[in-house]
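Here is what each chain is made of, one letter per residue.
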Amino acid sequence: MIKIKWGIIGLGKIAGKFATGLMYADKTELHAVASRDLEKAKSFAGKFNCKKYYGSYLELMQDEKIDVVYIATPHAFHHELSIQCLKLGKAVLCEKPFALNASQAQEMIDTARENNTFIMEALWTAFLPHFKHVSRIVNKKEYGEIRSLKADFGFPAEYDATKRLFNKSLGGGSLLDIGIYPVFLAYSLLGKPEEILAKAKMTETGVDLNCEIVFIYSNGRKIELFSTFEEKTKTMAEIEFEKARIQINSRFHEPTSITTYVNNKHEVRDFGVENNGYTYEAEHVNRMLQEKRIESNIWTHQNTLDLIQLLDEIRNKIGLAY
Ligand SMILES: NC(=O)c1ccc[n+]([C@@H]2O[C@H](COP(=O)([O-])OP(=O)(O)OC[C@H]3O[C@@H](n4cnc5c(N)ncnc54)[C@H](OP(=O)(O)O)[C@@H]3O)[C@@H](O)[C@H]2O)c1
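Residues numbered from 1 in each chain as written. Predicted model: local features only at pLDDT ≥ 70, side-chain atom pairs only at ≥ 80, totals over all residues. Heavy atoms only, no water.

**A look at the layout of surface pockets**
Condition: Residues are said to line a cavity or pocket when one of their atoms sits within 4 Å of a point; the points come from a 1 Å grid over protein atoms alone, cavities being sets where a 1.4 Å probe fits but cannot get out and pockets being open sets with protein on both sides within 12 Å along at least five of seven lines. Grid points are joined across faces, edges and corners, and a volume is the space filled by probe spheres set on the points. Helix and strand definitions follow DSSP, with helices as H or I runs of at least four residues and strands as E runs of at least two, each counted in order from the N terminus. When residues are grouped by polarity, Ala, Val, Leu, Ile, Met, Phe, Trp, Tyr, Cys and Pro land in nonpolar, Asp, Glu, Lys and Arg in charged, and all others, Gly among them, in polar.
In this model, the largest pocket occupies a volume close to 1,300 Å³. Lining of the largest pocket is provided by 44 residues; of these, Lys 13, Ile 14, Arg 164, Leu 165 and Asp 177 occupy positions nearest its centre. Elements with a minimum of two residues in the lining of the largest pocket: α1 (13–23), α3 (57–61), α4 (78–87) and α7 (174–190). In terms of residue count, the dominant contributor to the lining of the largest pocket is α4 (four residues). Taken together, the residues of the lining of the largest pocket sort by class into 21 nonpolar, nine polar and 14 charged.

**Comments concerning the domain arrangement of the protein**
Note the cut-off: Residue ranges for the domains originate in an automatic or database domain assignment. Buried area: the accessible area, evaluated with a 1.4 Å probe, that two parts lose upon being put together, summed over both parts. Throughout this description, the term salt bridge denotes a Lys or Arg side-chain nitrogen within 4 Å of a carboxyl oxygen of Asp or Glu.
Per the domain assignment, the segments of the protein are domain 1 (4–123 + 284–292) and domain 2 (129–272). Inter-centroid distance (C-alpha atoms) of domain 1 to domain 2 is 27 Å. Considering only the surface of domain 1 that becomes buried against domain 2, His 75, Lys 96 and Leu 123 emerge as the three largest contributors, covering 54% of it. For the interface between domain 1 and domain 2, the tally reads one salt bridge. Across the pair Lys 96 and Asp 177 runs a salt bridge whose closest N-O atoms are separated by 3.9 Å. Of the residues belonging to the side of domain 1 that touches domain 2, the class tally is six nonpolar, one polar and two charged.

**Focus on the sheet that holds strand β11 (residues 237–241)**
Convention followed: Two strands pair under a simple rule: DSSP has to find at least two bridges between them. Lines fitted to C-alpha atoms define the axes here, with helix axes fitted over just the stretch in contact, and angles between the N-to-C directions of these axes take values from 0 to 180 degrees. We call two residues in contact whenever any of their non-hydrogen atoms come within 4.5 Å of each other.
A sheet is described by the order of its strands in space; here eight strands give the open sequence β8-β9-β10-β7-β11-β12-β13-β14, paired in mixed fashion. Of all strands in the sheet, those bounded by a partner on one side alone are β8 (195–202) and β14 (265–270). Direction aside, the axes of adjacent strands within the sheet are offset by 10 degrees on average. Note that strand β7 (residues 146–154) and β11 share five bridges and pair antiparallel. Within β11, the position partnered with Leu 149 by the bridge is Ile 239. Seen against the sheet, helix α6 (residues 129–140) touches β7, β11, β12 (245–248), β13 (257–262) and β14 and runs at an angle of roughly 160 degrees to β12. Taken strand by strand, α7 contacts β7, β9 (208–216), β10 (222–228), β11 and β12, and its axis lies near 165 degrees from that of β7.

**Structural notes on unusual backbone geometry**
For clarity, the threshold we go by: Under the scheme applied here, a residue whose accessible area is under 20% of the maximum for its type counts as buried, over 50% as exposed, and between as partly exposed, the area being computed with a 1.4 Å probe on protein chains only.
Of the consecutive residues Lys 96 and Pro 97, the connecting peptide bond is found in the cis state with omega at -15 degrees. The phi dihedral of Asn 219 is positive, around 60 degrees, even though this residue is not glycine. Mapped onto the fold, Asn 219 is located in the loop between β9 and β10. Classification of Asn 219 by relative accessible area gives exposed; the value is 73%. The phi dihedral of Asn 263 falls on the positive side, at around 50 degrees, and the residue is not glycine. Tracing the chain through its elements places Asn 263 in the loop between β13 and β14. The class of Asn 263 is exposed, set by a relative accessible area of 67%.

**A closer look at the nonpolar core**
For soluble globular proteins, the rule of thumb is that nonpolar side chains tend to be buried together. What counts is decided by this rule: Take the buried residues of types Ala, Val, Leu, Ile, Met, Phe, Trp, Tyr and Cys, join any two whose side-chain atoms come within 4.5 Å, and each joined set is a nonpolar core.
By size, the foremost hydrophobic cluster in this structure holds 85 residues, and its most contacted members are Trp 6, Ile 8, Val 183 and Phe 215. The element contributing the most residues to this core is α7, with 12 residues. No fewer than three residues from each of domain 1 (4–123 + 284–292) and domain 2 (129–272) sit in this core. Excluding residues within four positions of it along the chain, Ile 8 makes contact with Ala 15, Phe 18, Ala 19, Leu 22, Leu 30, Ala 32, Val 33, Ala 34, Leu 60 and Tyr 70.

**Here we look at the site of the ligand**
Heads up, the condition is: Being near a molecule or strand, for a residue, means having at least one of its heavy atoms within 4 Å of it. Side-chain atoms alone can form a polar contact between residues adjacent in sequence; in general such a contact is a pair of N or O atoms within 3.5 Å, and within protein one must be able to donate a hydrogen while the other accepts it. The protein chains shown are the only cover counted for residues, whose accessible areas, like all others here, come from Shrake-Rupley with a 1.4 Å probe. Molecules are considered to sit inside a cavity or pocket once more than half of their atoms lie within 2 Å of its grid points.
Taken together, 24 residues form the shell around the ligand, and within it Ser 35, Lys 40, Tyr 57, Lys 96 and Tyr 278 come nearest. At a separation of 2.6 Å, an oxygen atom of the ligand approaches a polar side-chain atom of Lys 40. Relative to its unbound accessible area of 890 Å², the ligand is 83% covered by the protein chains. Placement of the ligand is best described as lying within the largest pocket.

**Describing the state of the cysteines**
Structurally, a disulfide amounts to a covalent bond that connects the sulfur atoms of two cysteines. Rule in force here: The definition used for a disulfide is geometric: two cysteine sulfur atoms within 2.5 Å.
Taken as a whole and judged by the stated rule, the model has zero disulfides. Not part of a disulfide, Cys 85 finds its nearest cysteine sulfur in Cys 94, a span of 9.0 Å. With a relative accessible area of 0%, Cys 85 lands in the buried category.

**Here's the deal with the sheet that holds strand β4 (residues 68–71)**
Strand order in the open sheet formed by six strands is β3-β2-β1-β4-β5-β6, with parallel pairing between adjacent strands. The open sheet has two edge strands, β3 (52–54) and β6 (119–122), and neither has a second partner. Put simply, the sheet's adjacent strands are angled 25 degrees from each other on average, direction ignored. Its contacts with the sheet put helix α2 (residues 38–47) on β2 (28–34) and β3, and the angle it makes with β3 is roughly 155 degrees.

Structure representation (structure tokens):
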């Protein structure tokens, strides 16, 4: 099996974590990195033993050796950069949220199909062992149906109107940045809800500082989801089944443990991993490329579209348009 050659564009926080994850991945080479700033690219490349670095994103996309580009810029650029890569024949792993809205996401997927080229949203949680374990329990109905689910994600973010978390033109707001994880969890375990309720507190920059969401499913089951930049919250998920309760411990979206409460007993199972968790999605992309697929068979294009449609609907309710 040949090595898959990766390129990374947008060398911020997540790019560093992902590059670390790549170092643990099988049959993988970090071939080049690109920043808008050549010196920054050089220094990033040095840290990860990567020989090539570029001072523009386009140069990296035009590097003929690269198989797949990981896009790690603020959300607002995911759409344009993904399409540019796809048109140049590069496969794409694009950070979450895939795009700012469903119509952008659809266009990215259409472009991938037209160019017969792979694209996937980097929804890394979908590939983590603890999440797969919980999904299996749900799918097999091991403890019966889910009766309720609560999930939150919150941390205190320093207010800066210019930075990506608060800047509307960069796709700011808690929902798209971290609220996406509780929404992802509810969607993955229960599917799309019948009804959505949502309210938010907005910042001066016009994005949501926090967002409270209720998903209503059949039989009136209510699922409570929450995201906030105001304070640290438990960042846990609690799933109540007919015959047990499962807690995905903090922070539920990354490698973690789960506690199962059943018959007045509880058991903690640790799903901590040796790598930093990003290796799983990278190896999955490698496999998809080796198999010449244009779509993941785990986190499909339809999953991405469903998720972004849910986020659109929530934004509609809280009056946030990008
Ligand atoms: N999967 C995860 O666990 C996870 C975690 C955190 C974030 N994310 C996602 O990853 C993306 C990036 O997040 P991050 O926390 O890494 O952000 P960040 O630290 O701000 O880095 C973003 C990078 O994007 C590039 N960029 C291009 N145009 C920019 C602009 N106009 N303003 C600011 N930066 C610009 C910059 O790289 P250059 O200067 O090198 O060009 C910057 O360093 C977001 O979409 C976020 O949702 C995912």
